[in-house]
Protein chains: 2
Amino acid sequence: MITINDIAKMANVSISTVSRVLNGKGRVGKEKREEILKIAKELNYVPNYHARCMINESVFTVGFITPDITNPFFSELTRGIEIGILGKALLILMNSFRDPKTEEEMAERLKTSGTKGIIFGNSRVEDSFVSYISKFLPVVVFDKEYESEKIASVLLDNSYGAFKATKHLLDNGCRNVIHFGGTDELLVSVQRANGYKEAMKQAGLTPRIFKIGYDEKAGYKKAKEIVEKREKVDGIFCMNDLVAIGAMKALKEGGLKIPQDVAIVGFDDTNLCDYVSPSLTSIRQPAEEMGKSAATMLIDVIEGRCNVRKYVFSPTLVVRESSLKTRGQFS
Amino acid sequence: MITINDIAKMANVSISTVSRVLNGKGRVGKEKREEILKIAKELNYVPNYHARCMINESVFTVGFITPDITNPFFSELTRGIEIGILGKALLILMNSFRDPKTEEEMAERLKTSGTKGIIFGNSRVEDSFVSYISKFLPVVVFDKEYESEKIASVLLDNSYGAFKATKHLLDNGCRNVIHFGGTDELLVSVQRANGYKEAMKQAGLTPRIFKIGYDEKAGYKKAKEIVEKREKVDGIFCMNDLVAIGAMKALKEGGLKIPQDVAIVGFDDTNLCDYVSPSLTSIRQPAEEMGKSAATMLIDVIEGRCNVRKYVFSPTLVVRESSLKTRGQFS
DNA sequence: ATAATTTGGTAAAGCGTTTGCTCAAAGAGG
DNA sequence: CCTCTTTGAGCAAACGCTTTACCAAATTAT
């Protein structure tokens, strides 16, 4: 590695002179300046980032721990985060595959790697761990609220979203609406399940919840089962779009018509919704916006500009073909 | 920020003693050791990453510049890269939105940010820039080969893949096969277009190529146009799955049946293919594997374990419903 | 008892930069 | 011709940590 020292020797000047030339500070004679610049260029000199960091604040890094980057919701979120930190920081991405142990290890790794802040995306880590890690670094958590004044949150009213989704299915004539949910460890799952339950209760119906998971495979598998058992189901509210898409596939394979036989609503409103067929009704989370908010909030905390805040977003229902038993503008 | 020095003062020992305790090296009396550990814990001490980096090799970072993380192909690739660098390095992710200027800026930023290597995913940067940046950092490029011994590549025989795809459409009875391709700046586009042309030529047919872009919107828009103009088309080979999915939507909206009226083949074989309907025939790129190879190759170069290499992957045709005019096992 | 070794700890050199202070030389003003 | 300012450039400290050389005391061997 070539250093400022090497250049100084070559140019027969002191390192401070070299530094001054390279940073355009201080007064250095024209000849020396040009000589130094020439040598630096020839040697492909790049200032040592870490040495620099020890002195003045340079560009820093923040970490984003995501359950699964291949879920379009999270990739949109990621893009939002990136936009939010633009120019201020670099984004270190980590895929936890939804394993809480892995998530803790990753956070620990980020902590010891000079990262200035961590964003937990929809994570399963225990509250105690979040509290612990927040002692070392500013933290932003998606979908979870903390007592501590030190932990910022980006929230979406999941149970209200789920309520809306379920209500929509009921309003469209479904009676036997079931829910494909995630596991109880994930707060989001619980909240969405609650919203579903509430809507069912209000309609005087019995909720049926299947805790199946988070991806297409999970949705496919369970829907297949339901088709094979010929269960009496005319609507499914899925905890996310991937699950919904998997379920749709299984239903169609089973000869069931969507939405006539079974109506479906997903959650997240990823860009897939428009492109599956029938197009998928979903509860919209403004992923990119949410990512952006998380990022700017984190940067603000890191740079000491403000205290911890909380962003709350509202879910909105985006109606598409998969849920309209009474065919209207779509067909 | 709390440092080793603070701890030393509190414990009334020298900083070297503290360092020894923290690193488990050297001999330190039991009482002092415990005292020091206790203080360190109380103060939430974390060793300064940058200071550490200046002395011994710690975990380092590598950068991945991707056109668009929301494209499932790239998110799978990203996951592969992450797996490949696991434990060795942290991954800095950057979205260029396919803008070559942005890509250069990003690489430049990585260069000055202590990053030890860069992976260019399907990038549009000019060759001269890649050569330039490779003077400073090890570089791995997807889908592009370089003279320089310093630049590693992960390749896929795109034109062969495209050839296969087109051939498959022709073998299934299509005569008027068109191609939805990307722009000429992207080598991949050109290669895929070439494969398409070759297949058409061999069949004695005239190729028709539309340079439309890389996402669902582009595919949708162009297909809409074609439907409206009632062009004579019975097969479309799309440069990637997203374009294909967009096109499918437009065709279906136009009342055309897939594959009976128009057969479709995509490229990438993203996990979407299984979940759209009809399911999408596609040319498989083993994204995760490719990412993993790129990453291990980069790490190898960084750690001086080997010279630059080249990985070549083979595209395979994955047949699904969207391309089978003669209905067989699917229906 | 003396020499040799182990144990516990300190001081200082570096890693690569930046920057405040110093100082000499040169040019300007009286 | 002498002081005053400007210009150019070096020295050295600091950033936080690791590591080596080194020293003293305590323990062991001779």
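Residues numbered from 1 in each chain as written. Chains lettered and ligands numbered in written order. Predicted model: local features only at pLDDT ≥ 70, side-chain atom pairs only at ≥ 80, totals over all residues. Heavy atoms only, no water.

Quick notes on the relation of the copies chain A and chain B
Relative to chain B, chain A is turned by 180° and slid 0.0 Å along the rotation axis, the superposed coordinates differing by an RMSD of 0.1 Å. Taken together, the rotation and translation describe the operation of a two-fold axis. Most of the interface of chain A is mirrored in chain B: 100% of its interface residues are interface residues there too. (Least-squares fit on C-alpha atoms with pLDDT ≥ 70 in both. Contact = heavy atoms within 4.5 Å.)

Comments concerning helix H8 (residues 158-171) of chain A
Residues and elements named next belong to chain A. End to end, H8 covers 20 Å across 14 residues, agreeing with the expected 20 Å (1.5 Å per residue, within 8%). Taken together, the buried positions of H8 are Asn-158, Gly-161, Ala-162, Phe-163, Ala-165, Thr-166, His-168, Leu-169 and Leu-170. Positive backbone phi, approximately 95°, marks Gly-173, located one or two places after H8. (Helix = DSSP H or I, 4+ residues; strand = E, 2+ residues; numbered from the N terminus. Expected span 1.5 Å × (residues − 1). Buried < 20%, exposed > 50% of the residue type's maximum accessible area, 1.4 Å probe, protein only.)

A few points about a nonpolar patch on the surface
Side chains of Met-54 and Ile-55 of chain A together with Met-54 and Ile-55 of chain B sit close together on the surface and give an oily, nonpolar patch of about 480 Å² of accessible area. Locating Met-54 of chain A in the fold gives a position in helix H4 (residues 49-55). (Patch = residues over 30% accessible without salt bridge, like charges linked within 9 Å, V, L, I, M, F, W, Y side chains within 5 Å. Areas by Shrake-Rupley, 256 points an atom, 1.4 Å probe, with all protein chains shown as cover. Salt bridge = Lys/Arg side-chain N within 4 Å of Asp/Glu carboxyl O.)

Examining the pairing of strand E10 (residues 281-284) of chain A
Residue and element names in this part refer to chain A. Both strand E9 (residues 263-268) and E10 contribute to a ladder of 4 bridges, which runs parallel. Following the sheet pairing, Asp-268 is matched in E10 by Arg-284. Of the pairings in the sheet, the one linking E10 to strand E12 (residues 316-318) comprises 3 bridges and is antiparallel in character. Of the residues in E12, the one forming a bridge with Ser-282 is Val-318. (Pairing = 2+ DSSP bridges.)

Re the packing of helix H1 (residues 4-11) of chain B against helix H3 (residues 30-42) of chain B
Residue and element names in this part refer to chain B. At a minimum axis separation of 10 Å, H1 and H3 run at an interaxial angle of 130°. Taken together, H1 and H3 sit at an angle that is classed as oblique. For the pair H1 and H3, the sense of crossing is right-handed. Across from Ile-7, Met-10 and Ala-11 in H1, the residues of H3 making contact are Glu-35, Ile-36, Ile-39 and Ala-40. Residue classes in the contact of H1 with H3 are distributed as 6 nonpolar, no polar and 1 charged. (Axes fitted to C-alpha atoms, helices over the stretch in contact; angles between N-to-C directions. Parallel < 35°, antiparallel > 145°, perpendicular 65-115°, else oblique. Left-handed = near helix turned anticlockwise from the far one by under 90°. Nonpolar A, V, L, I, M, F, W, Y, C, P; charged D, E, K, R; others polar.)

With respect to the nonpolar core
Counting 78 residues, the largest nonpolar core has Phe-142 of chain A together with Phe-142 of chain B as the members making the most contacts within it. Ranked by size, the runner-up nonpolar core spans 50 residues in total, among them Ile-178, Cys-238, Val-243 and Ile-245 of chain B. (Core = buried A, V, L, I, M, F, W, Y, C linked by side-chain atoms within 4.5 Å.)

Digging into the sheet that holds strand E7 (residues 208-211) of chain B
Residues and elements named next belong to chain B. Taken together, the 6 strands give an open sheet; going across it, the order is E7-E6-E8-E9-E10-E12, and neighbouring strands pair in mixed fashion. Only two strands of the sheet have a single partner each, and these edge strands are E7 and strand E12 (316-318). Along the sheet, successive strands turn relative to each other by an average axial angle of 20°, direction set aside. The strands touched by helix H8 (residues 158-171) are strand E6 (177-181), strand E8 (235-238), strand E9 (263-268), strand E10 (281-284) and E12; relative to E9, the strand with the most contacts, the crossing angle is about 165°. Sitting on the sheet, helix H11 (residues 241-253) is in contact with E6, E8, E9 and E10, with an inclination near 155° to E9.

Considering the pattern of salt bridges
All names here are of chain B. Considering all chains together, one arrives at 44 salt bridges over all chains under this definition. Close ionic contact of Lys-211 with Asp-184 constitutes a salt bridge, the shortest N to O distance being 2.9 Å. Residue Lys-211 is found in strand E7, and its partner Asp-184 is found in the loop between E6 and helix H9 (187-202); the two are separated by 27 residues along the sequence. On the accessibility criterion, Lys-211 (52% relative accessible area) is exposed. The closest approach of N and O atoms between Glu-225 and Lys-222, which form a salt bridge, is 3.1 Å. Highlighted residues: Glu-225 and Lys-222, both in helix H10 (residues 216-228), separated by 3 residues, approximately one helical turn. For Lys-222, a relative accessible area of 17% corresponds to the buried category.

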